[in-house]
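Chain and residue survey
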Amino acid sequence: MPSYAELSELLDPATTVLLTVECQEGVVGTISALPELAAEARSSGALANTARLVAAAHASGVQVIHALAERRPDGRGASRNARLFRAAERLPVQQLSGSEAVRVAAPIEVAEEDFVVRRLHGLSPIQGTDVDALLRNVGCRTLVVTGVSANVAIPNTVFDAVNRGYVVVVPRDAVAGVPSDYTPAMIRHTLALVATVATTDEVLDGLKRPRVRRA
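**So, the overall build of the protein chain**
Along the backbone of the protein chain there are nine helices and seven strands. Its C-alpha radius of gyration of 16 Å places the protein chain within 12% of the 17 Å reference for a compact globule of 215 residues. Along the three orthogonal principal directions, the C-alpha set of the protein chain runs to about 50 × 40 × 30 Å. Within the protein chain, the fraction of its 215 residues that count as buried is 51%. Within the protein chain, contacts between residues at least 6 apart in sequence are counted, and of these 81% link residues at least 24 apart. A total of about 10,100 Å² of accessible surface is found on the protein chain, and carbon and sulfur atoms cover 52% of it. Across the protein chain, 22 positive and 23 negative side-chain charges occur, with their mean positions spaced 5 Å apart.

**Side note on empty space enclosed by the protein**
One simple way to see leftover space: roll a probe sized like a water molecule over the atoms. For the structure on display, the rule yields two cavities of 30 Å³ or more. Considering the residues around the largest cavity, the lining is formed by C23, V28, A41, A46, L47, T50, G147, V148, A174 and A176. Of all the secondary-structure elements, those providing two or more residues to the lining of the largest cavity are α4 (46-60) and β4 (142-148). The element best represented in the lining of the largest cavity is α4, accounting for three residues. Of the residues contributing to the lining of the largest cavity, the split by class is eight nonpolar, two polar and no charged. One number sums up the size of the second largest cavity: a volume of about 30 Å³. What lines the second largest cavity is simply T16, L18, L53, V144, V203 and L207. Considering only residue class, the lining of the second largest cavity consists of five nonpolar, one polar and no charged.

**A few points about the pairing of strand β5 (residues 167-171)**
The two faces of the sheet receive side chains in turn, since in a regular strand these alternate between them. Where burial is concerned, most of β5 is hidden: four out of the five residues are buried. Bridge count for β4 against β5 is three bridges, and the pairing is parallel. What sits directly across from V144, in β5, is V169. Note: β5 against strand β7 (residues 196-198), three bridges, orientation parallel. Looking at the pairing, P171 lines up with A198 of β7.

**As for the layout of surface pockets**
Within this model, the largest pocket holds a volume of roughly 790 Å³. If you trace the largest pocket, you find 32 residues lining it, with E22, L34, L84, A88 and L91 closest to the centre. For the lining of the largest pocket, the secondary-structure elements that each account for two or more residues are α2 (25-28), α3 (35-43) and α5 (83-88). Broken down by element, the lining of the largest pocket gets its largest block of residues, five residues, from α5. Of the residues contributing to the lining of the largest pocket, the split by class is 18 nonpolar, eight polar and six charged.

**A closer look at helix α8 (residues 182-189)**
Of the positions making up α8, those classed as buried are T183, M186 and I187. Buried positions in α8, seen along its axis, are confined to an arc of 95° and lie on one side of it. Those residues of α8 that are exposed and aimed more than 90 degrees away from the buried face are R188 and H189. Of the surrounding elements, those touching the buried residues of α8 are α7 (153-163), β6 (175-176) and β7.

**Considering a nonpolar patch on the surface**
Taken together, the side chains of F159, L193 and V194 present a nonpolar region at the surface, about 270 Å² in accessible area. Along the chain, V194 falls in the loop between α8 and β7.

**A closer look at the pattern of salt bridges**
Across all of its chains, the model carries ten salt bridges by this definition. For the salt bridge of R118 with E70, the shortest nitrogen-to-oxygen distance reads 3.2 Å. Taken together, the residues span a long stretch of sequence, with R118 in strand β3 (residues 115-119) and E70 in the loop between β2 (63-69) and α5 at a distance of 48 residues. Across the pair D132 and R164 runs a salt bridge whose closest N-O atoms are separated by 3.9 Å. In this pair, D132 sits in helix α6 (residues 131-137) while R164 sits in the loop between α7 and β5, placing the two residues 32 residues apart along the sequence. Here the residues in one salt-bridge network are D132, R136, D160 and R164, joined through shared partners.

**Side note on α7**
For α7, the complete set of buried residues consists of A153, I154, P155, T157, V158, D160 and A161. Those residues of α7 hidden inside the fold are in contact with β1 (16-21), β4, β5, β6 and α8. Positioned one or two residues after α7, G165 has a phi angle of 95°, which is positive.

What counts as what
- Residues numbered from 1 in each chain as written.
- Predicted model: local features only at pLDDT ≥ 70, side-chain atom pairs only at ≥ 80, totals over all residues.
- Heavy atoms only, no water.
- Helix = DSSP H or I, 4+ residues; strand = E, 2+ residues; numbered from the N terminus.
- Rg over C-alpha atoms; globule rule 2.2 N^0.38 Å.
- Buried < 20%, exposed > 50% of the residue type's maximum accessible area, 1.4 Å probe, protein only.
- Contact = heavy atoms within 4.5 Å.
- Areas by Shrake-Rupley, 256 points an atom, 1.4 Å probe, with all protein chains shown as cover.
- Lys, Arg positive; Asp, Glu negative; His and termini not counted.
- Charge placed at Lys NZ, Arg CZ, Asp CG, Glu CD.
- 1 Å grid on protein atoms, 1.4 Å probe; cavity = no way out; pocket = protein on both sides within 12 Å on 5 of 7 lines; lining within 4 Å.
- Points joined across faces, edges and corners; volume = space filled by probe spheres on them.
- Nonpolar A, V, L, I, M, F, W, Y, C, P; charged D, E, K, R; others polar.
- Pairing = 2+ DSSP bridges.
- Arc of directions from axis to C-beta.
- Patch = residues over 30% accessible without salt bridge, like charges linked within 9 Å, V, L, I, M, F, W, Y side chains within 5 Å.
- Salt bridge = Lys/Arg side-chain N within 4 Å of Asp/Glu carboxyl O.

So yeah, pure geometry; function would need other evidence.
Have a look at this one:
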């Protein structure tokens, strides 16, 4: 468990960015294509904790990026090189561009200054998207990663961020996966080796600094 001083040092609002991963209506919302994952994200408190972190980021001047996964109605550009992608094509709810499924899910609020980055392919919100360039352009040093799923997108995000030189903080109660006991095992045995793991409350405490206005 990191100390308050350690987290405060990492979570300087001027150099911290909060990333929400696939927190969209078609994944964790009421119209989810993956109801088991949606239920876990809500019952575990991960979605509510992500919303708390987003609200605190808005209040403290921390940049927020919402990373969403979607596909064109014609499927052009979508990945098909893994079972996961082919299975997604058969789900009753499709993450179609412009649809309700690809809106940020309640209770997370999107502010005017937030970035919303949408991807049409792959497993990671960083690889092959605008996220890395945006992080560098806003002076990010520490990336706080929240959302779903601990099975695929969250570890991809953490490793991609670490490989690009960012310090990563994972609030362990603001990420979710299935089954419910998989998330803590993934965090303890994998993500904790490369990221700073904390709780939502600890991250919120670490963000309690004077607001920094970004250019």
